Structure formats: C-alpha cells, structure tokens
Amino acid sequence: MAGYHLEAIEAAPLKDDLDIVIPTIRSLDFLEQWRPFLKHYHLIIVQDGDPSIKIRVPEGYDYELYNRNDINRILGPRANCISYKDGGCRCFGFMVSKKKYIYTIDDDCFVAKDPSGKEINVIAQHMRNLETPSTPHYFNTLYDPFREGTDFVRGYPFSLREGVTTAISHGLWLNIPDYDAPTQLVKPRERNIRYVDAVMTIPKGVLYPMCGMNLAFNRELIGPAMYFGLMGEGQPISRYDDMWAGWAAKVVCDHLGFGVKTGLPYVWHSKASNPFVNLKKEHKGLHWQEDMVPFFQNLRLSKESDTATKCYMELSKMTKEKLTKVDPYFEKLADAMMAWIEAWEELNPPVVDSKN
C-alpha cells in the first residue's frame, strides 16, 4: 500500500484547505516557534475570558480573532452554547471556518522533535493521516498499512483493504501527559518521554479519550459533531469538553462509516496545569463518566440519520432522554447541543444541488 508519501504532502501543504483554530486567554508568543510550520495557514483565534484584554499575535500571520463580544454578536441568543472560561470555546472557530480541514492546538504546545532530533511537521502528518484511509473493521497488527514501508499483514481480508475515509486525526504529546487530576496528584513528576512511531485506526465500536490540544479533522464530514460541550463558568463541569466531543464524534463516525486515527504526530506539551484546580473542575465528570461512557457505548443511531447534522440532532434527544436522570445538567447540555446545530446550519447553510 505504499504510494502515500509524506514528502508529497509536505510539498503541497493544502494551505487553502486548512484553518488552524487556537483558543487562548493570553498573547500568542508560542507561535514564534511554530512559524516554519504554520506561517502559510490562516488562523482562527478564539479569545476566552475578558474580551477587553488585548491579545498579541506575532507579525506575519494571517488571522481572525474573535472574543466573547463577537460570539454574542454573531450567534445572538444561541451564543450560550459556546463555553466560557473553558477550552471548549474553540468550537466556535470550527463553526465560522469555511475550510475542509481543521487543526486545533493549545497555546502551551510547542514543536516536538523525533528521536533523530528532527522537528516534527504536525500539519504534514495530520494531513497524511486524514488523506489516507482508516481500517476500523479489522485491526492490522503492523498498524497503519497506508504508511510507506508497511502493508496489510497475512490474514487481512482483501475485501476490507480499501479502508474507509478518515474523519479524525488525534495527535499525542511529549513531556506533560494529558492526565486527570487524581493521576496528576499521584504522579506529579511523571513525563511522557516515549516516542512511539505509529499511527493506528481506532476500531469501530471502541471509544477513546480525545484530547483537543493536538487534533485535526475533516470539517466537511464531521464538523457538526465536533461540539466541545457546554462547560466552564456557570456549569458544574469542566475539562470534559473534548471528551464529550470525542465520544460523540466517534459514535457518529462509526455510524456514517468514517474512520478515526490516533498516534503521530507529537507536540511538546510544556505546562502542567494545577491538579487541585483541575480536581475542582473535573470532580463531577469523574463520577459522570461512568454513566456517559456506557451511554455512548450502547446508543444506536437510526438509518434516517445519514449526515453528521442529523446524527447530532438525534444524539441531543438521546442525551436528554437518557442522561438527565444522572443530573439535570444534561438537559441543559442537550439544549445547547441543539442550539449548536441550529447555529451551525445558520452559518453553514446546506449546499443546494443546482441540478435539482
């Protein structure tokens, strides 16, 4: 299955097909280190918190910057579906983008190096992941068979070797691992120093904990399902915005026949957040995830839900029906999910086939 060359993607960075979405509360000095890899791309910066604070963006970048006032102006009464004082605000950038692909990164993530010392081009690797098929129906023990130098192993059915379209590329992190507060407290000095040179498809029917700090996806295929929940200030839960989006988007991908990859590329995660603050934000989620995960594992979407938008509308109704008994918050979340879809459709009206 050789023929999908990383060099070809590096030579054609798809700059007209990709927006980079960054949520932040501070000036974006971290972009100086990213300049060799991100300078060709359009940035959508979502400023969280106090909109009167001036955010500095290094010169030379092409960008749009939205703060809470802009979100309120653009979305009107539906603006409450966008989280405040939470990284989930990034999904507003997904909504206003018009590009095929999205790459989202946190402002405490820097360029990582592979074991040879070469700086990792995260955009090239994510685009390679997204532009080559996934294999969710049967696990290949040499991992990604579409990578140069590997293939499908003996015993892999030929009828499944075409794979499916990839919708999500989930990258990882060196240095500070993405741990929850209890694990942070038990292992305060633990660092991820293992560079695993692998990309693999997450099998159909299997959920995973999606981290939003190094993530790319096909917005045209799965954008409406990439809602990062209603969390942060005014809500009883935070730090589960990307988890919610990951569980929901994976179920939608499985239903629609798309694939999800995880592994390369890596970023260097530079700063550990305060575990005591995290525990306050996460404590309800640590309990509720024992209900949320089985909910997603067991739900089945109808045949009528044949787009990401329809899937998410159905998922909203199921959330209200099944999870409100866990806590009244989930009724509010379900309403926010519907508001998100309504706002998405308003800003991204369906394309009408002129032939009909």
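Residues numbered from 1 in each chain as written. Predicted model: local features only at pLDDT ≥ 70, side-chain atom pairs only at ≥ 80, totals over all residues. Heavy atoms only, no water.

The name recorded for the protein chain in an unreviewed UniProt entry is UDP-arabinopyranose mutase, from Eutrema salsugineum. According to the UniProt record, the Function (unreviewed entry) comment for the protein chain is "Probable UDP-L-arabinose mutase involved in the biosynthesis of cell wall non-cellulosic polysaccharides." For the protein chain, the Sequence similarities (unreviewed entry) comment in UniProt is given as "Belongs to the RGP family." (UniProt positions renumbered as here; feature names shortened; annotations may be inferred.)

1. Overview of the UniProt feature "glycosylation site" (unreviewed entry) in the protein chain
With numbering aligned to this structure, UniProt lists the feature "glycosylation site" (unreviewed entry) at R154. The residue R154 is located in the loop between α5 (122–131) and β6 (166–175) in this model. Using a relative accessible area of 84% as the deciding quantity, one classes R154 as exposed. (Helix = DSSP H or I, 4+ residues; strand = E, 2+ residues; numbered from the N terminus. Buried < 20%, exposed > 50% of the residue type's maximum accessible area, 1.4 Å probe, protein only.)

2. Considering the pattern of salt bridges
Scanning all chains against the criterion turns up 19 salt bridges. Of the charged contacts, one joins E32 and R35 as a salt bridge, the two residues approaching to 3.1 Å between their closest N and O atoms. Here E32 and its partner R35 are both found in helix α2 (residues 31–38), three residues apart, which amounts to about one turn of the helix. Residue class for E32 comes out partly exposed when judged on its relative accessible area of 41%. Put simply, D144 and K261 hold a salt bridge, and the shortest N to O gap is 3.9 Å. One end of the pair, D144, is in the loop between α5 and β6; the other, K261, is in strand β9 (residues 259–269), and 117 residues separate them in sequence. One network of salt bridges, in which partners are shared, links R78, E342 and E346. (Salt bridge = Lys/Arg side-chain N within 4 Å of Asp/Glu carboxyl O.)

3. A few points about the confidence of the model for the protein chain
On average, residues of the protein chain score 94 in pLDDT, and 95% of them are at 70 or above. Residue range residues 1–9 is modelled with pLDDT below 50. Its contacts to residues more than four positions away, or to other chains, number 19 contacts. (pLDDT = per-residue confidence, 0-100. Contact = heavy atoms within 4.5 Å.)

4. Overview of the pairing of strand β8 (residues 214–218)
Here β8 lies mainly inside the structure; five of its five residues are buried. Of the two faces of β8, the one lined by N214, A216 and N218 and the one lined by L215 and F217 are each fully buried. As defined by bridge partners, strand β4 (residues 101–105) adjoins β8 across five bridges and the pair is classed as antiparallel. By the bridge assignment for β8, T104 is matched with L215. Bridging between β6 and β8 involves three bridges; their strand directions are antiparallel. Residue pairing across strands places H170 opposite L215, the latter belonging to β8. (Pairing = 2+ DSSP bridges.)

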